[in-house]
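One letter stands for each residue in the lines below.
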Amino acid sequence: MALAVSLTATLLLSQAPVEPAAGGWAALSLEQRAALLALDAQTPLAERLLHVSERFLGTPYLASPLGEGSGVDPDPTFRLDAVDCLTFVEQSMALSLARNESEVMSLLERIRYASTPLYEDRNHLMEAQWLPNNVRKGFVVDVTHRYGGEDTVRVQKVLTPLTWKSKSSQALTLPPERQPRGTFALNMLPLDRILAHARQVPSGTILLVLRDDLPLKATRITHLGFLVQKGRRTWLRHAARNRYGRVVDEDLETFLARNAKYDKWKVTGVSLFEVHSPDDTQVRTVLSSP
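Identification of the protein chain as DUF1460 domain-containing protein from Stigmatella ashevillensis is taken from an unreviewed UniProt entry.

Here is the structure:
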């Protein structure tokens, strides 16, 4: 989707790829990125998400590319040359919500952390942390039932002391007092009913993939991306590790058919969340927080 560009911005962006390609955002200088964000500042958020996420197409996949710059996870706090499925969505949100370049990092921190940019305060688990914290802050809204209607079912993720004894859970290296426990509910559209509703879901809506609730797994959400309506089909724009190794637009029907074949940890359905901009008061609070 082409961006309208002024003469000044055209000069600033003259070295950027014309078509989405590997390292699309990474190829821009800070000045070029700032110019691009400024040009799109008044565009409706849904369109802005499409513009921003499209420029990630072709960006290489790298598991857990972001950290706190030191400590438990010394990976950089921001990078555009590589993403995984979650950091692709998080950085697309931050870049889309920012009114200018100076706001990007503050918004990204607000999305990635419960309150402070520390490893133990990061939103590691989708059901227990990322979703409820970002719903509370006004960044996302659950729209699964809005588009799934009567096909929507209520499901849950249960976290017990047993969960935190598993190898995968202990790999998070969270201290006991920071290990979430309890029952976390959310809406789900079952796998075999998704395509019946997919065309009604607006582009830019976040799709989250849910699997069976296994007691030793700390989450049942294992993937996410943005839905994109193009032509007469629905696509999933996502950072795909195994099949592609990069950010791609994949036909949703193809994606779902592949997921339906997984038998070791069964995919059960998806949840849908709409990205929102917090109200002005909240934005000012976010950007003035230390």
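A.B. asks: So what exactly am I meant to see when it comes to the packing of helix H4 (residues 85–97) against helix H5 (residues 104–112) here?
C.D. replies: Packed helix pairs are specified by the crossing angle of their axes together with the interaxial distance, meaning the distance between the axes. For the pair H4 and H5, the least separation of the axes is 8 Å and the interaxial angle reads 135 degrees. In terms of orientation, H4 and H5 fall into the oblique class. The element H4 and its partner H5 pack so that their crossing is right-handed. Contacts from Thr-87, Glu-90, Gln-91, Met-93, Ala-94, Leu-95 and Leu-97 in H4 reach Val-104, Leu-107, Leu-108, Ile-111 and Arg-112 in H5.

A.B. asks: Sorry, what's going on with the nonpolar core here?
C.D. replies: Generally speaking, a soluble globular protein has its nonpolar side chains buried in company with each other. Core analysis: the biggest nonpolar cluster contains 43 residues, and Trp-25, Phe-56, Met-93 and Ile-206 have the highest contact counts within it. Looking at this core element by element, the count peaks at 8 residues for H4. Residues Leu-189, Leu-191, Leu-207 and Leu-272 belong to the second largest nonpolar core, which totals 17 residues.

A.B. asks: What is the right way to look at H5 in this model?
C.D. replies: Residues spaced three or four apart along an α-helix point in a common direction, a consequence of the helix completing one turn every 3.6 residues. For H5, every residue scored as buried is listed here: Val-104, Leu-107, Leu-108, Ile-111 and Arg-112. The buried residues of H5 occupy one face: seen down the axis, they fall within an arc of 125 degrees.

A.B. asks: Please explain the packing of aromatic side chains as it appears in this structure.
C.D. replies: Given two aromatic rings, their pairing is described by the distance between the two centres and the angle made by the two planes. As enumerated under the stated definition, the model contains 3 aromatic pairs in all. Summarising the aromatic geometry, the rings of Trp-25 and Phe-56 are spaced 6.3 Å apart at their centres and angled 50 degrees between planes, so their arrangement reads as tilted. Residue Trp-25 is found in the loop between helix H1 (7–12) and helix H2 (30–39), and its partner Phe-56 is found in the loop between helix H3 (45–54) and H4; the two are separated by 31 residues along the sequence. Taking the centre distance of 5.6 Å and the plane angle of 85 degrees together, the rings of Phe-56 and Phe-88 count as edge-to-face. Of this pair, Phe-56 sits in the loop between H3 and H4 while Phe-88 sits in helix H4, placing them 32 residues apart in sequence. Like Phe-88, Phe-56 is buried. Joined through ring pairs, the aromatic side chains of Trp-25, Phe-56, Phe-88 and Phe-226 make up one cluster. Taking the ring centre of Trp-25 as reference, the NZ or CZ of Arg-55 above it sits at 5.9 Å. The positively charged end of Lys-230 is found above the aromatic ring belonging to Trp-235, 4.8 Å away from the centroid.

A.B. asks: Where do I start with the confidence of the model for the protein chain in this structure?
C.D. replies: In regions of low pLDDT, the predicted coordinates are not meant to be interpreted in detail. Residue-level pLDDT values for the protein chain average 89, and 88% of them are 70 or greater. Between residues 280–290, whose pLDDT stays under 50, and residues either more than four places distant or in other chains, the model counts 13 contacts.

Calculation notes
Residues numbered from 1 in each chain as written. Predicted model: local features only at pLDDT ≥ 70, side-chain atom pairs only at ≥ 80, totals over all residues. Heavy atoms only, no water. Axes fitted to C-alpha atoms, helices over the stretch in contact; angles between N-to-C directions. Helix = DSSP H or I, 4+ residues; strand = E, 2+ residues; numbered from the N terminus. Parallel < 35°, antiparallel > 145°, perpendicular 65-115°, else oblique. Left-handed = near helix turned anticlockwise from the far one by under 90°. Contact = heavy atoms within 4.5 Å. Core = buried A, V, L, I, M, F, W, Y, C linked by side-chain atoms within 4.5 Å. Buried < 20%, exposed > 50% of the residue type's maximum accessible area, 1.4 Å probe, protein only. Arc of directions from axis to C-beta. Phe/Tyr/Trp six-rings, centres within 6.5 Å; stacked < 30°, edge-to-face > 60°. Lys NZ or Arg CZ within 6 Å of the ring centre and 35° of its normal. pLDDT = per-residue confidence, 0-100.

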